[in-house]
Amino acid sequence: RPSLSRLYQTTTPRLDLSGMFLPKFAALSTLADTVEPLSLCDLAAKLSCVRSNVTQLVDRLEAEGLVRRVDDPKDRRGVRAEITALGQERQAAGAERVSKVHQELERQLGAIDAEKLERALSAIT
C-alpha cells in the first residue's frame, strides 16, 4: 500500500504542465473561464494574491505569448488581461494533465486505509 509521503512523491512530479508553473496555470485557467478580459486587479482577487504579483505573472505570460494586455473600454487608464489562442491550448493541455493526476490520486487513495488517512489528515490540519 502506498504511504501518503510516497503518494505525494510519485504524483507531484507528474504534474508537469508543459513547463508551466502552477501560478501560470491558475492564471490561464482563470482567464479561460471568463468571457471578457479581466483587469489585473480582478485577476489578482480571483487568484488571491497582490496585484504586483499578478503584474509580474502577466508580464511572463505575455512574453510567452499566452496572454495579451488590452485596453479597458471603461477606463482609459486601465489594462485588462486576455488569454491568447496559444494560452488556451496550454491551459487545456494542463487541465488534461491535472485531470490525469487527480484520477491517479483517487486510484492510489483507494488503496490507503481510510482510518489511517483520516488520522494523517487530522494531524496536519
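Treat the numbers as computed from the prediction; the structure is a model and nothing was measured.

As a further point, take the environment of Ala44. Turning to its location among the elements, Ala44 is positioned in helix H3 (residues 40–47). Judged by relative accessible area, Ala44 falls into the buried class, the value being 4%. The residues contacting Ala44, other than those within four sequence positions of it, are Cys49, Val50, Arg51 and Val54.

A few words now on the pattern of salt bridges. When their charged atoms lie close together, side chains carrying opposite charge are able to pair. For the coordinates displayed, the defined rule picks out seven salt bridges. In this structure, the salt-bridge partner of Asp72 is Arg80, at a minimum N-O distance of 3.3 Å. Residues joined by salt bridges that share partners form a network here, namely Asp59, Glu62 and Arg69.

Nonpolar side chains in soluble globular proteins tend to end up buried together. One finds Leu31, Val58, Leu61 and Val67 to be the most contacted residues of the largest nonpolar core, which totals 15 residues. Every element with two or more residues in this core is listed here: helix H2 (22–32), H3, helix H4 (51–63) and strand S3 (75–83). With four residues, H4 is the single largest residue contributor to this core. Leaving out residues up to four positions away in the same chain, Val58 has contacts with Leu40, Leu43, Val67, Arg69 and Ala81.

Where H2 contacts H3, the two axes come as close as 10 Å, and the packing angle between them is 115°. On the basis of their axis angle, the class for H2 and H3 is roughly perpendicular. When the axes of H2 and H3 are compared, the crossing they make is right-handed. Contact with H2, carried on its side by Ala26, Ala27, Thr30 and Leu31, involves Leu43, Lys46 and Leu47 of H3 and no other residues of that element. Split into classes, the residues belonging to the contact of H2 with H3 amount to five nonpolar, one polar and one charged.

Sheet analysis places strand S2 (residues 67–72) next to S3, joined by six bridges and oriented antiparallel. Looking at the pairing, Asp72 lines up with Asp75 of S3. The antiparallel pairing of S2 with S3 creates a hairpin that spans two residues between the two strands.

Quick look at the side chain of Arg80 now. With respect to the helices, strands and loops of the structure, Arg80 is situated in strand S3. A polar contact is formed between the side chain of Arg80 and the backbone oxygen of Pro37, at a distance of 2.8 Å. In contact with Arg80, not counting residues within four places along its chain, are Pro37, Leu38, Ser39, Arg68, Arg69, Val70, Asp72 and Pro73.

Turning next to the environment of Asp42. Along the chain, the position of Asp42 falls in helix H3. Sequence separation of Asp42 and Val54 is 12 residues, and the distance between their C-alpha atoms is 9.8 Å.

The rules behind these values
- Residues numbered from 1 in each chain as written.
- Predicted model: local features only at pLDDT ≥ 70, side-chain atom pairs only at ≥ 80, totals over all residues.
- Heavy atoms only, no water.
- Helix = DSSP H or I, 4+ residues; strand = E, 2+ residues; numbered from the N terminus.
- Buried < 20%, exposed > 50% of the residue type's maximum accessible area, 1.4 Å probe, protein only.
- Contact = heavy atoms within 4.5 Å.
- Salt bridge = Lys/Arg side-chain N within 4 Å of Asp/Glu carboxyl O.
- Core = buried A, V, L, I, M, F, W, Y, C linked by side-chain atoms within 4.5 Å.
- Axes fitted to C-alpha atoms, helices over the stretch in contact; angles between N-to-C directions.
- Parallel < 35°, antiparallel > 145°, perpendicular 65-115°, else oblique.
- Left-handed = near helix turned anticlockwise from the far one by under 90°.
- Nonpolar A, V, L, I, M, F, W, Y, C, P; charged D, E, K, R; others polar.
- Pairing = 2+ DSSP bridges.
- Polar contact = N/O pair within 3.5 Å; in protein donor to acceptor, adjacent residues only side chain to side chain.

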